[in-house]
Amino acid sequence: MTDDGDVAVRLRGIGKRFPGVIANDDVSLVVHRGTVHAIVGENGAGKSTLMKILYGVQKPDSGTIEVNGKPVRLGSPSDAIAAGIGMVFQHFMLADNLTVQENVVLGAERLHGIGRAARAEITRISSAYGLGVEPDELVEDLGVGARQRVEILKVLYRGARTVILDEPTSVLVPQEVDELFDNLRELKQEGLTVIFISHKLDEVLSVADEVTVIRRGTTVDTVPAGSVTSQQLATMMVGSELPTPATESSTVTGDDVLEVHGLGLVASSGRRVLDDIALTIHRGEVLGIAGVEGNGQAELVEAIMGMRPQAIGRVLLAGVDLSGASTRERRERGIGYIPEDRHRHGLLLDAPLWENRILGHQTQEPNVKGAFIAKGAARDDTSRIVETYDVRTPGIDVLARALSGGNQQKLIVGREMSGDPVLLIASHPTRGVDVGAQAAIWDHIKDARRRGLAVLLVSADLDELIGLSDRIDVILRGHLVASFDPDDVTPEQLGSAMTGAGQAA
Amino acid sequence: MTPRSTRVALMVGAPVLALVAAFLITSIVLTVAGDPAVDVWTQILSVPQSRNVANIINSATVYYLSGLAVAIGFRMNLFNIGVDGQYRLAAFVAAYVAGEAWVPSYLNTVLAIVAAVMVGAAWAGIAGLLRVTRGVSEVISTIMLNAISTSLVAFLLRQAAVDVQGSNNIGTKPIPRGSWIPGISVGSGPGTEVYGFIVIAALLGIGYSVLLNRTRFGFDLRATGHSEPAAVASGISVRRMVLVSMLLSGAVAGTVGLPILFGDAHSYGVTFQSGLGFAGIAIALLGRNHPVGIALGALLFAYLDEQANPLQILLNVSPYIVKITQGTIVLTVVIAYEVVRRYGVRLEQRQVARALEVRGSDSAAKAPA
């Protein structure tokens, strides 16, 4: 494997700085042809930046890139494609209302035209690599796994010999992951090279030949997948033991905090995104909601928060009917809310931290005195949150935008835990935050549960759901279809319920 | 430099640079047109006489109110282009009410001001209502309401008008002398008094600042302007905020014509000054929606207007040349602010990262192994 003719991609001393962060620092990497090469690292370690450099989206500040032994300059994605490198992004870039064939040829009309030749090429690639893609299907009719295969086909159609996949499994259920891995093995057998970015270590070990670990923007080591365990990889990734959200003894009481009856919501398209949802959360209980994204989780949370006035059904908090109440009233009654998208819903990015402390609590102590903002008290309380929740910031006057994702999230968690909420709605509370912040946030949720907080936890991370929840309900197409005890459920069982496979059985 | 002092330095530096750029561009235009650029600037930048100073302060007062009205909308991402229509309708109604003099003396003045504020608010409120009930962009509706207001005022003026003595103009009944707002003298000789309404304008500026920065309502308004989704998630009723801020913006717009009405014209006629609402948009942009910034912007525009007046007589150069300067200033200022804002954000991110690096290595050194 040391023979240079064998090397598909070689990176030497790649460095990239962004304001406030060193995304990459002296990254060196050798990817051999015909292998699946995994790049692992915690969120924010610099994996995505490295891949964007390799795909020409971003220019490195230093270092060299060699493809097939020849040095290349990748100034744009078209340079990368010309060098035989293609990339499948985490978020698909497909036009829903076009067919598979139209999506594939879009932007690559010069290669095989848009007619029969293109179609023949798509069919050829699809069967050569076992992708099972039908050129005439509409993309909107395809599931997530099939869409991903279309994205892969798009890349191959453009002549890529090296395919980069950015967190490809984050949107897939376990069964789909297995299918994807079969496809990747197929690609490898045909002599293609796959670079696979992930932070899910078990998956990495099952599919990759070699694994490169990145920590804090630099390469720690490259090891053959057969010679390490996931625990060893994890230790390399974080430089210490990987935290897991271990379940603790139950603190569930008999007091109902949140009761939801017959909650329904019809989208403007006429589709029922929520249908007859009923759930109860008790004091000291964490109810986890599992589901493939887009099955109504976001709408469920927003309906309970009062952000969806069209929702029907009843929502009771500690016995008080809040069905028609405004979002503000619900918050005043003690609902804390960690939104799914902290940049859109959780923060004023261009406002200082202490103003962000007030957001969502504009009518509550200690932020206001009558109709006026109590600036001093709000600032003091912001300092308390920064201190207690370990928000890494030089001060409370910096803009929220200047903080890293994990620290932004810790600020939000601290804010929403203030003022003794009775119910916390946490939507993907640790998405996109680093391992340290993740462990801290888990601890805060567990502490609050012990003190009697009721928690509705929506997450795509099954480990997080199993580790934190007292009960897990599965949402599928707007229905709650199954309920599990996290102590004796497997990811496969959850996966089946999430895709509806469990119903047939 | 600390992050705060850097921010202040950038805030002051940007408009100064923008001004220099605007002067350069105007000079190029003058040179191309064959006009004496140096002489023009000598006149414009000469020290104004006290009569001119009074004029500058007076038009700045009016510009200030207009800028303030626009700024209230801007703070919430609402573009109230309708200040022009709002103030003309309001000034007409105020002139009519004051001219009828149903109540004596200053009570009459107060009544007329209240009427103007309510008419301005109501006229802007139409746009607000359309936005929250039917989703009509306030940009479109306020533009249309400007046109409607022009016709409406013309129609009402015809109904209410009396002939103005010694001219062919028509106007509302003159306001009785006891209801005028007396001027404040800034020099000796004729024409050196500034509108007494300037006191009300200053109070409005203070009120604007307190409302936005110190109150819950102001916080909600700014939060909605920063990010509507975040505002919704925080419990703000965005529809209510849109309506209320349109009403407030219109209420302030209603006062724009009043300094002229109570300090100078004393009736509303066909020659009543128009176009002040559009100047307000430029001035609010120039002043970054900051109460002091708007005042500086208003003074700058008023200064340029006044100093350019004699250009025609002295140099045979059209005084409209300052419109080019004013327009370029708005453009360059907007660009400079955006550049500076981005630079500032990057600078701050870097400063935050540096501060944390230092702290991180400190704590790492102290931490037990």
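The structure displayed is predicted, hence computed values, not measured ones.

1. Topic: the packing of helix α4 (residues 83–100) of chain B against helix α12 (residues 276–286) of chain B
Residue and element names in this part refer to chain B.
- Between α4 and α12, the least distance of the axes is 7 Å, while the angle of their chain directions is 135 degrees. The orientation of α4 with respect to α12, classified from their angle, is oblique. Seen along the crossing, α4 lies across α12 with a hand that is right-handed. Contacts from Val 83, Asp 84 and Tyr 87 in α4 reach Leu 276, Gly 277, Phe 278 and Gly 280 in α12.
- When grouped by side-chain class, the residues that make up the contact of α4 with α12 number four nonpolar, two polar and one charged.

2. Here's the deal with the packing of α4 of chain B against helix α5 (residues 105–134) of chain B
Residue and element names in this part refer to chain B.
- Where α4 meets α5, the axes come as close as 8 Å, and the angle between the chain directions of the two elements is 150 degrees. What the angle tells us is that α4 and α5 run roughly antiparallel. Read as a crossing pair, α4 and α5 show a hand that is right-handed. Contact with α4, carried on its side by Gly 85, Gln 86, Tyr 87, Leu 89, Ala 90, Ala 91, Val 93, Ala 94, Val 97 and Ala 98, involves Asn 108, Thr 109, Leu 111, Ala 112, Ile 113, Ala 115, Ala 116, Val 119, Gly 120, Trp 123 and Ala 124 of α5 and no other residues of that element.
- Of the residues belonging to the contact of α4 with α5, the class tally is 16 nonpolar, five polar and no charged.

3. Observations concerning the nonpolar core
- One finds Ile 425 of chain A together with Ala 91 and Ala 94 of chain B to be the most contacted residues of the largest nonpolar core, which totals 239 residues.
- If you tally residues by element for this core, the top one is helix α3 (residues 50–74) of chain B, at 14 residues.
- In this view, Ala 94 of chain B contacts Ala 112, Ile 113, Ala 115, Ala 116, Leu 258 and Leu 261 of chain B; residues no more than four positions away in its chain are not counted.

4. A few points about the interface of chain B and chain A
- With 27 residues of chain B at the interface, the matching set in chain A holds 35 residues.
- Taken together, the elements giving at least two residues each to the side of chain B that touches chain A come down to α1 (3–32), α8 (216–226), α9 (228–233) and α15 (321–366) of chain B.
- For the side of chain B that touches chain A, the element with the most residues is α15 of chain B, which contributes nine residues.
- Here the residues of the side of chain B that touches chain A sort into 13 nonpolar, seven polar and seven charged.

5. Overview of the sheet that holds strand β12 (residues 272–282) of chain A
Residue and element names in this part refer to chain A.
- Ordered in space as β12-β11-β14-β15, the four strands form an open sheet in which the pairing is antiparallel. Two strands close off the open sheet at either side, each with one partner strand: β12 and β15 (320–321).
- Alignment of strand β11 (residues 256–266) against strand β14 (residues 312–317), held across five bridges, turns out to be antiparallel. Bridge pairing in β14 links Gly 264 to Ile 312.
- Where helix α10 (residues 297–304) meets the sheet, its contacts fall on β11, β12 and β14, and the angle it forms with β12 comes to roughly 60 degrees.

What counts, and where the lines are drawn
- Residues numbered from 1 in each chain as written.
- Chains lettered and ligands numbered in written order.
- Predicted model: local features only at pLDDT ≥ 70, side-chain atom pairs only at ≥ 80, totals over all residues.
- Axes fitted to C-alpha atoms, helices over the stretch in contact; angles between N-to-C directions.
- Helix = DSSP H or I, 4+ residues; strand = E, 2+ residues; numbered from the N terminus.
- Parallel < 35°, antiparallel > 145°, perpendicular 65-115°, else oblique.
- Left-handed = near helix turned anticlockwise from the far one by under 90°.
- Contact = placed C-beta atoms within 7 Å.
- Nonpolar A, V, L, I, M, F, W, Y, C, P; charged D, E, K, R; others polar.
- Core = buried A, V, L, I, M, F, W, Y, C linked by C-beta atoms within 7 Å.
- Buried ≥ 20, exposed ≤ 12 C-beta atoms within 10 Å, placed from the backbone.
- Pairing = 2+ DSSP bridges.

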